[in-house]
Amino acid sequence: MSRAARGTLMVVAAAVCWGAFSTVAKVLFLEGAVSPQALAGIRAALAVSLLVPALLLWDPTLLRVRFADLPLLAFLGVAGIAMNNFFYLTTIHLTAVATAVLLQYMSPILVAWYAVAVERRPLTGRLLFALAVAVTGCALVVRGYDLVALRLSLPGLATGLASACFFAVYTLAGQRALRRVDSWTVVTYAFGFAALFWFLLTPPWVLLGGHPPRVWVLLLLFVILGTVVPFGLFVRALAHVSAVTAQIMSTLEPVVAAAAAFLVLGERLEALQLFGGGLVLVAVLLAQGVAGGTAPAIGAGQTPKS
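Predicted model only: the values in this text are computed from it and were never measured.

Right, let's talk about empty space enclosed by the protein for a bit. Leftover empty space is mapped by rolling, across the atoms, a probe with the size of a water molecule. Per the counting criterion, the structure on display carries 1 cavity of 30 Å³ or more. Quantified by volume, the largest cavity comes out at close to 120 Å³. What lines the largest cavity is a set of 16 residues, and nearest its centre among them are W18, R43, Y88, Q104 and E253. Of all the elements in the fold, those that place two or more residues in the lining of the largest cavity are α1 (3-30), α3 (70-94) and α11 (213-237). Of the residues forming the lining of the largest cavity, the biggest block, 5 residues, is contributed by α3. Residue composition of the lining of the largest cavity, grouped by class: 9 nonpolar, 5 polar and 2 charged.

In structure tokens form, the structure reads like this:
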């Protein structure tokens with residue numbers, strides 16, 4: 001299997017996990033089980049508590065990093081993980097899952113802008129068309145034409161756009177970190193720094209205490225299949241595909257989120273939503289090998305151990 005095909009499968013799998021398990025967050029909010037800030041902190045704390053033992057059993061050398069790499073990993077953890085999760089989950093709380101996903105997926109435009117403006121990469125017609133198709137497809141999938149369904153508010157718009165900015169930061173900083181350390185090292189340290197950030201605001205015994213068994217089951221599902229697996233796959237994919245390609249392909253998440261909301265929350269699917277899902281699939285195909293994105297990372301993250 002080619003590097004591009006491997007990277008594509010990883011991003012698609014990550015998008016499926018993100019989309020399917022974002023509904024779990026909405027259920028937790030609807031039941032009043034946790035706040036967005038608490039869920040962001042719990043997500044990071046549980047993720048690192050699962051990743052560290054796993055790496056100790058799999059390959060303890062993956063936990064070794066140079067001191068010089070820690071600032072980038074700390075930045076990735078606080079800006080790319082903690083802030084991204086907080087604003088995304090807050091948007092779900094203020095609006096709807098679909099709205100949060102739509103606003104977050106303005107991030108491919110930001111990554112493409114960075115590639116063109118900062119890295120001086122070409123702005124090709126294929127890249128512009130893929131971006132336009134992806135964003136249009138997302139808008140249709142989440143019923144962007146129906147303001148009532150979006151339940152959009154000014155605070156929700158602000159937090160949603162903030163999540164897009166920090167998701168772009170996660171992608172770009174994650175790709176840079178991959179040039180220095182392995183992808184699972186990147187994810188583990190990023191979640192570790194994110195957890196430390198939240199612990200400074202809320203002590204761990206307060207953050208993690210007092211939840212009934214049913215809530216813990218939902219939290220573990222959300223953390224394992226909606227956090228550790230997709231974040232790990234997405235970062236690993238950046239060793240094989242460009243950042244803008246990964247961002248465009250990850251717009252599959254709203255398609256999956258809409259399907260999950262239909263199955264779990266009883267939200268309806270309309271013909272335009274299905275058409276939008278088709279557009280996203282077209283964008284994913286167009287994104288294969290698209291020029292104009294930041295180059296795939298070359299370094300530690302490019303040598304998978306499995």
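On to the environment of T91, then. Inspection of the secondary structure puts T91 in helix α3. In this structure T91 touches A96, A100, L103, G156, T159 and G160, once residues within four positions along its chain are discounted. Among the polar contacts listed, one links the side chain of T91 to the backbone nitrogen of G160, at a separation of 3.1 Å.

Attention shifts here to the confidence of the model for the protein. Here the protein shows a mean pLDDT of 86. Residues at 70 or above account for 93%. Within the protein, the lowest mean pLDDT, 70, falls on helix α7 (residues 147-150), and the highest, 94, falls on helix α9 (residues 183-201). Under a pLDDT of 50 for its full length, residues 300-306 has, in the predicted model, 22 contacts with residues more than four places off or in other chains.

If you check α11, its first and last C-alpha atoms are 34 Å apart, about what 25 residues at 1.5 Å a residue would give, namely 36 Å. The largest bend in α11 amounts to roughly 30 degrees and is located at V223.

Where a protein is soluble and globular, its nonpolar side chains tend to be buried together. If you look at the biggest cluster of nonpolar residues, it comprises 96 residues, and the most contacted ones within it are L39, L89, Y170, F191, F234 and I248. Ignoring sequence-local partners within four residues, the contact set of F191 consists of A44, A47, V48, L51, I81, N85, T227 and F231.

With that settled, the discussion passes to the packing of aromatic side chains. All told, the structure shown has 12 aromatic pairs when counted by the stated rule. Between W18 and F167, the aromatic rings sit 5.9 Å apart at their centres with planes inclined by 90 degrees, giving edge-to-face as the arrangement. Of this pair, W18 sits in helix α1 while F167 is found in helix α8 (residues 154-178), placing the two residues 149 residues apart along the sequence. Accessibility assignment for this pair places W18 and F167 in one class, buried. Here the aromatic rings of Y170 and F231 are separated by 5.1 Å at their centres, their planes lie at 90 degrees, and the arrangement is edge-to-face. Highlighted residues: Y170 in helix α8 and F231 in helix α11, separated in sequence by 61 residues. Judged by relative accessible area, Y170 falls into the buried class, the value being 1%. One aromatic cluster is present, built from ring pairs that chain together W18, Y105, F167, Y170, F191, F231 and F234.

This part covers the packing of α3 against helix α4 (residues 97-104). Between two packed helices, what matters for the description is the angle formed by their axes and the separation of those axes. Interaxial distance between α3 and α4 falls to 7 Å at its minimum, and their mutual angle equals 140 degrees. Between α3 and α4, the interaxial angle falls into the category oblique. Together, N84, Y88, T91 and I92 of α3 and V97, A100, V101, L103 and Q104 of α4 make up the contact between the two elements. A class-by-class count of the residues in the contact of α3 with α4 yields 6 nonpolar, 3 polar and no charged.

Checked against the element boundaries, S242 lands in the loop between α11 and α12 (243-249). A polar contact is formed between the side chain of S242 and the side chain of T245, at a distance of 2.8 Å.

Next up on the list: a nonpolar patch on the surface. Together, L50, V217, L220, L221, I224 and L225 make up an exposed nonpolar region whose accessible area comes to about 440 Å². The element best represented in the nonpolar patch is α11, accounting for 5 residues. Checked against the element boundaries, I224 lands in helix α11. A relative accessible area of 38% means that I224 is categorised as partly exposed.

About the cut-offs
- Every chain is numbered independently, its residues counted from 1 as its sequence is written.
- Only residues with pLDDT of 70 or above have their local features reported here, since the model is predicted, and side-chain atom pairs are shown and tallied only from 80 upward, although totals for entire chains, interfaces and linings are computed over all residues.
- Excluding hydrogens and water, the side-chain values take into account all heavy atoms of the structure.
- Only protein atoms enter the 1 Å grid used here, on which a cavity is any set of points holding a 1.4 Å probe that cannot leave and a pocket is any open set flanked by protein within 12 Å on both sides along at least five of seven lines; residues with an atom within 4 Å of a point are listed as lining.
- Grid points are joined across faces, edges and corners, and a volume is the space filled by probe spheres set on the points.
- Secondary structure elements are taken from DSSP: a helix is a run of H or I of four residues or more, a strand is a run of E of two residues or more, and numbering for both begins at the N terminus.
- Amino acids are sorted into nonpolar (Ala, Val, Leu, Ile, Met, Phe, Trp, Tyr, Cys and Pro), charged (Asp, Glu, Lys and Arg) and polar (every other residue, Gly among them).
- Only heavy atoms matter for contacts: two residues are in contact if any of them lie within 4.5 Å across the pair.
- N or O atoms within 3.5 Å of each other form a polar contact, as long as, within protein, one can give a hydrogen and the other can take it, and as long as residues adjacent in sequence are counted only when both atoms are side-chain atoms.
- For every residue, the pLDDT score states the predictor's confidence, bounded by 0 at the bottom and 100 at the top.
- Under the convention used throughout, the expected extent of a helix is 1.5 Å for every residue step, that is, one less than its residue count.
- Bend, in this description, refers to the angle at a residue between axes fitted to the seven residues ending there and the seven starting there.
- Think of a nonpolar core as a cluster: buried Ala, Val, Leu, Ile, Met, Phe, Trp, Tyr and Cys residues, connected wherever their side-chain atoms sit within 4.5 Å.
- The rule is simple: take the accessible area with a 1.4 Å probe, protein chains only, and divide by the maximum for that residue type; under 20% is buried, over 50% is exposed, in between is partly exposed.
- Aromatic contacts are taken between Phe, Tyr and Trp rings whose centres are within 6.5 Å, Trp giving its six-membered ring; a plane angle under 30 degrees counts as stacked, one over 60 as edge-to-face, and the others as tilted.
- All axes here are fitted lines through C-alpha atoms, helices being fitted over the stretch that makes contact, and every angle between N-to-C directions spans 0 to 180 degrees.
- When describing relative orientation, an angle under 35 degrees is termed roughly parallel and one over 145 degrees roughly antiparallel, while 65 to 115 degrees is termed roughly perpendicular and anything else oblique.
- Residues forming no salt bridge and having over 30% relative accessible area are the ones grouped into patches, like charges within 9 Å of each other and nonpolar side chains (Val, Leu, Ile, Met, Phe, Trp, Tyr) within 5 Å.
- Each accessible area is a Shrake-Rupley estimate made with a 1.4 Å probe; only the visible protein chains count as cover when residues are assessed.
- Think of a salt bridge as a Lys or Arg side-chain nitrogen and an Asp or Glu carboxyl oxygen that are within 4 Å of each other.

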